[in-house]
2 protein chains.
Amino acid sequence: MTKQTPRVGVIGGGQLARMMTPPAINLGLQIKVLAEAAGSSAELATTMVGDYNQLDVVREFARTVDVITFDHEHVPLAVLRALEADGVNVQPPSKALAFAQNKLHMRQQLGELGLPMPAWAEIHDAASLDDFIAANGGVAILKTPIGGYDGKGVRVVRSSVDAKDWLENLADFGGSLLAEEKVDFVRELAQLSARTPGGEFKAWPLVETIQENGVCSAVMAPAPAASAETLAATADIAKRVAEALGVTGVLAVEMFEARDGRIVINELAMRPHNSGHFSIEGSVTSQFEQHLRAVLDLPLGSTAPRAAHSVMVNLLGVDDKNNFVQALDKALQSHPDAKVHTYGKGARAGRKMGHITVVSDSAEHALAEARGAAAVLLRG
Amino acid sequence: MTKQTPRVGVIGGGQLARMMTPPAINLGLQIKVLAEAAGSSAELATTMVGDYNQLDVVREFARTVDVITFDHEHVPLAVLRALEADGVNVQPPSKALAFAQNKLHMRQQLGELGLPMPAWAEIHDAASLDDFIAANGGVAILKTPIGGYDGKGVRVVRSSVDAKDWLENLADFGGSLLAEEKVDFVRELAQLSARTPGGEFKAWPLVETIQENGVCSAVMAPAPAASAETLAATADIAKRVAEALGVTGVLAVEMFEARDGRIVINELAMRPHNSGHFSIEGSVTSQFEQHLRAVLDLPLGSTAPRAAHSVMVNLLGVDDKNNFVQALDKALQSHPDAKVHTYGKGARAGRKMGHITVVSDSAEHALAEARGAAAVLLRG
């Protein structure tokens, strides 16, 4: 009997689906993408174009694959639950994704596990928000439980007045908001891991993420000067989160390292994540290959580093013209060690349009080279 | 002005076109494949299905891309010359491919350059073949100038009687045959390199290729115990060949290391080559990425190794059922460091259906792991 090639279906045609394509080709897995529109970033693997909010569309797509997974976290839970009721293999399952889609539920669940978090509270009105602000040094991070990313749906508030518009429309946000301590952090960290439906778990070494204006600009792998205790502790946090929430596939746990030494959980992403792009060149198994293996319940690959240091720098759009093709030759010429990744997306200021990874024996060299190549592409 | 993504057109839908796809995605290049049939190994990048022997088919395909390159060396020179007359950018150009397609012309050209080769002669009749055999220890390798690969079109002869059928049909082979010294070799080597139309040249470190029954079974990168002089000499041979023949893109020079110490040129391939598959994981720039960069006249990437040792083992078909999907989970489970590549081809005994690469600080460990993973997939 000839066994058929496993077929992975990815909902969403963004750069994450795009970057799942090379390992699918290498490993001989079939990848199919349901894209929002033609000409998406994952165009080569797109087999269907349609609206992921519509159950009949997603159902039709699901019939062509062995497992459904995701490029993003925006598929309505109702759609996913209906698929699961049909018997469709959805990884990560809706019960896990519910926590990724709702930051308040995530805090409640992780709180029950006793995992390290910033102080937080559910906010139903101005009074409870002002109380929280008063108890936390006169400032809070206020978040809409659903729909925020890359700085959207997040606001720094010093009084309930700063959140008047949100408080007056609480019903739009499910009836409440999430207030969090504004952590006085020395740096941001991310712990990448993967878990299979069968329960196998593997973590990559902890990384440091550098943000600019609320968007990730660079990632240092491994996180500079992290102790063995810290590495073990953060990998353990990821394992507890993945197991408790029933996460499958790649899980990114974003964390703050506070000035007082605490490491606390900021956000979760249940899919390959910007903090793990370094792993394409930097790890024996990339996060994209691992995600495919995990959602298919295949054994996970080694997460050992391929180099002492890997540095990733994001290519953020500078305007609506420069798609980073203009200066490609100049960048490759001046930085022969830089691995340039562009996502085939239309040019737009601030948009994540690509990234550069450099691996090296020296973190400083890798960062300088990656930023150097990025500068050439930005100026082109 | 927004510059458009460079578009590479590959003629042939085999595993080489398939393996060009991931670096095209990573680097943000558009790849289009003209495949012989639907469902080819390079299916994901296939934009047209048709016969590459027909000028009108190839012409139509050429209109959709910026440069034409190849998965194989079988496109008729007349077709390529007609494209070039149209103004199509063909890389490598027909004048270089003429030498890859005709082993006799290759020997003549390399002979004029004084490059190291086995003794050879053009054979027009039985008498000249018997003379050559007598002068070369009673044995010769007889080759049809055109069309041979993986042991086909090649024969060991000890008398013209052994080649009676070929000698009686010389017109089928262009009027003559190629006789070569049967080199008493201690091992086979391959020198991989790339050259751009603009003249930039880069070589990877020399590799050893291990053949079984005339087909490559494993590649050790770098070639064990090769001296610095040998590495420099073989890289120089590749550079002289590429420049003299006007080769662009990847060039593989297959060589014998003779017992008497000579290193002599066996065959040339003007495309990514089985001996370079290790470079996907083993080099900063893989042969597939480099080929795309070279044919687009983009600057070449670093060919530095990513690990002390890389070993590649071919997955040759065992029967018409096992497509290496059956035991994939077992292979991944038992060999978490092995990078498994399968080509999505139908099962057939002896067919190149995939390969495995392991990188390591130890060549012995890498070879054992790669062969171990292959054994699991073969037995599956």
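Calculation notes
- Residues numbered from 1 in each chain as written.
- Chains lettered and ligands numbered in written order.
- Predicted model: local features only at pLDDT ≥ 70, side-chain atom pairs only at ≥ 80, totals over all residues.
- Heavy atoms only, no water.
- Pairing = 2+ DSSP bridges.
- Helix = DSSP H or I, 4+ residues; strand = E, 2+ residues; numbered from the N terminus.
- Axes fitted to C-alpha atoms, helices over the stretch in contact; angles between N-to-C directions.
- Contact = heavy atoms within 4.5 Å.
- Domains from an automatic or database assignment.
- 1 Å grid on protein atoms, 1.4 Å probe; cavity = no way out; pocket = protein on both sides within 12 Å on 5 of 7 lines; lining within 4 Å.
- Points joined across faces, edges and corners; volume = space filled by probe spheres on them.
- Nonpolar A, V, L, I, M, F, W, Y, C, P; charged D, E, K, R; others polar.
- Buried area = accessible area lost by both parts, 1.4 Å probe.
- Salt bridge = Lys/Arg side-chain N within 4 Å of Asp/Glu carboxyl O.
- Polar contact = N/O pair within 3.5 Å; in protein donor to acceptor, adjacent residues only side chain to side chain.
- Parallel < 35°, antiparallel > 145°, perpendicular 65-115°, else oblique.
- Left-handed = near helix turned anticlockwise from the far one by under 90°.
- Buried < 20%, exposed > 50% of the residue type's maximum accessible area, 1.4 Å probe, protein only.
- Least-squares fit on C-alpha atoms with pLDDT ≥ 70 in both.

Mind showing me how you'd approach the sheet that holds strand β7 (residues 154-157) of chain B here?
The strands that make up a sheet are held in pairs by hydrogen bonds between backbone atoms, and each pair lies either parallel or antiparallel. Residues and elements named next belong to chain B. Pairing is antiparallel across the open sheet formed by four strands, whose spatial order is β5-β8-β6-β7. Each end of this open sheet is capped by a strand with a single partner; those strands are β5 (120-123) and β7. Averaged over all adjacent pairs, the angle separating strand axes in this sheet is 25°, with direction ignored. In this structure, β5 lies alongside strand β8 (residues 177-181), joined through four bridges in antiparallel fashion. Across the sheet, alanine 121 pairs through a bridge with alanine 179, a residue of β8. Helix α6 (residues 126-135) contacts β5, β6 (140-143), β7 and β8 of the sheet and is inclined by roughly 165° relative to β5.

Explanation requested: the domain arrangement of chain A in the structure shown.
How big an interface is tends to be stated in terms of the accessible area lost upon association of its parts. Per the domain assignment, the segments making up chain A are domain 1 (7-90), domain 2 (119-181) and domain 3 (185-379). For domain 1 of chain A and domain 2 of chain A, the distance between their C-alpha centroids amounts to 34 Å.

Would you mind showing me how to read empty space enclosed by the protein here?
Over the atoms rolls a probe the size of a water molecule, and in doing so it shows where empty space is left. The full count for this structure, using the stated rule, is two cavities of 30 Å³ or more. Within this model, the largest cavity holds a volume of roughly 80 Å³. Contributing to the lining of the largest cavity are 13 residues, with Pro205(B), Ala221(B), Pro222(B), Phe278(B) and Pro305(B) lying nearest its centre. Looking at the lining of the largest cavity residue by residue, the classes come out as eight nonpolar, five polar and no charged. Each pocket or cavity is described by its volume, and for the second largest cavity that value is around 40 Å³. Lining of the second largest cavity is provided by Glu281(A), Lys339(A), Val340(A), His341(A), Pro23(B), Asn26(B), Leu27(B) and Glu289(B). Elements with a minimum of two residues in the lining of the second largest cavity: β16 (339-342) of chain A together with α1 (15-27) of chain B. Residues that form the lining of the second largest cavity fall into these classes: three nonpolar, two polar and three charged.

Explanation requested: the interface of chain A and chain B in the structure shown.
Residue-level contacts link 45 residues of chain A with 45 residues of chain B. When the two sides are added together, the surface that chain A and chain B hide from each other amounts to roughly 4000 Å², 54% of it contributed by carbon and sulfur. Area buried by chain A at its contact with chain B is led by Ile25(A), Leu44(A) and Arg306(A), which between them contribute 16% of it. The partner of Lys339(B) in a salt bridge is Glu289(A), and the shortest N-O contact between them spans 2.8 Å. Viewed at the interface, chain B and chain A are joined by 16 residue pairs in polar contact (both at pLDDT 80 or more).

What is the right way to look at the packing of helix α5 (residues 103-113) of chain A against helix α8 (residues 228-245) of chain A in this model?
Two numbers describe a pair of packed helices, the interaxial angle and the distance between the axes. All names here are of chain A. Look at α5 against α8: their axes get within 11 Å of each other, and the N-to-C directions meet at 115°. Between α5 and α8, the crossing angle belongs to the class labelled roughly perpendicular. Like other packed secondary-structure pairs, α5 and α8 cross with a definite hand, here right-handed. Seen from α5, the contacting residues are Gln109, Leu110 and Leu113; seen from α8, they are Arg240, Val241, Ala244 and Leu245. The class makeup of the residues in the contact of α5 with α8 is five nonpolar, one polar and one charged.

Quick question: what am I supposed to make of the environment of Thr47(A) here?
All names here are of chain A. Within the secondary structure, threonine 47 sits in strand β3 (residues 46-49). A relative accessible area of 47% means that threonine 47 is categorised as partly exposed. For the pair threonine 47 and leucine 245, spaced 198 residues apart in sequence, the C-alpha to C-alpha distance is 31 Å. Not counting residues up to four positions away in its chain, the partners in contact with threonine 47 are Lys32, Val33 and Phe61.

Help me understand the relation of the copies chain A and chain B, please; the structure alone is not making it clear to me.
Mapping between the two copies of the chain is achieved by a rotation about an axis and a shift along the axis. Placing chain A over chain B gives an RMSD of 0.0 Å and needs a rotation angle of 180°, together with 0.0 Å of translation along the axis. This pairing of chains is accounted for by a two-fold axis. Residues of chain A ranked by C-alpha distance from the rotation axis are headed by Pro22(A), positioned 2.2 Å from it. When the interface residues of chain A are mapped onto chain B, 100% of them are again interface residues, pointing to one common binding face.

Teacher, can you tell me more about the environment of His124(A) here?
Residue and element names in this part refer to chain A. If you trace the backbone, histidine 124 turns up in the loop between β5 (120-123) and α6 (126-135). Not counting residues within four places of it along the chain, the set of residues in contact with histidine 124 comprises Leu170, Gly175 and Ser176. A distance of 3.3 Å separates polar atoms of two side chains, one belonging to histidine 124 and the other to glutamate 122.

Hey, could you run me through the sheet that holds strand β8 (residues 177-181) of chain A in this one?
Residues and elements named next belong to chain A. The strand order across the open sheet formed by four strands is β5-β8-β6-β7, and the pairing between neighbours is antiparallel. Strands at the two margins of the open sheet, each flanked by one partner only, are β5 and β7 (154-157). Here the strands of the sheet are splayed against their neighbours by 25° on average, with no regard to which way each runs. Sheet analysis places strand β6 (residues 140-143) next to β8, joined by four bridges and oriented antiparallel. Residue pairing across strands places alanine 140 opposite glutamate 181, the latter belonging to β8. Strand contacts of α6: β5, β6, β7 and β8, with the helix running at about 165° to β5, the strand carrying the most contacts.

How should I be thinking about the packing of helix α2 (residues 55-62) of chain A against helix α3 (residues 77-86) of chain A in this particular structure?
All names here are of chain A. Between α2 and α3, whose axes approach to 10 Å, the crossing angle comes to 45°. Regarding the angle of α2 to α3, the classification is oblique. Two packed elements cross with a definite hand, and for α2 against α3 that hand is right-handed. Of the residues in α3, those in contact with Leu55, Val58, Arg59 and Ala62 of α2 are Val79, Ala82, Leu83 and Asp86. Split by residue class, the contact of α2 with α3 holds six nonpolar, no polar and two charged.

What am I meant to see in the environment of Gly346(B) here?
Residue and element names in this part refer to chain B. Its location among the elements puts glycine 346 in the loop between β16 (339-342) and β17 (352-360). Between the alpha carbons of glycine 346 and serine 40 there is a distance of 9.4 Å; along the sequence they are 306 residues apart. Sequence-distant contacts of glycine 346, defined by excluding residues within four places in its chain, comprise Arg351 and Met353.

What is the right way to read the pattern of salt bridges from this model?
Opposite charge on two side chains permits them to pair, given that their charged atoms come into close proximity. All names here are of chain A. Applying the stated criterion across every chain yields a total of 38 salt bridges over all chains. Across the pair arginine 259 and aspartate 184 runs a salt bridge whose closest N-O atoms are separated by 3.0 Å. Placement of arginine 259 in the loop between β13 (249-258) and β14 (263-269) and of aspartate 184 in the loop between β8 and β9 (185-195) is noted, with a sequence separation of 75 residues between them. Of the residues examined, arginine 259 reaches a relative accessible area of 56% and is grouped as exposed. Taking the shortest distance from any N to any O, the salt bridge between aspartate 320 and lysine 321 comes out at 3.4 Å. Taking relative accessible area as the criterion, lysine 321 reaches 44% and is therefore assigned partly exposed. What emerges from the salt-bridge pattern is a single network uniting Lys103, Arg107, Lys143, Glu180 and Glu267.

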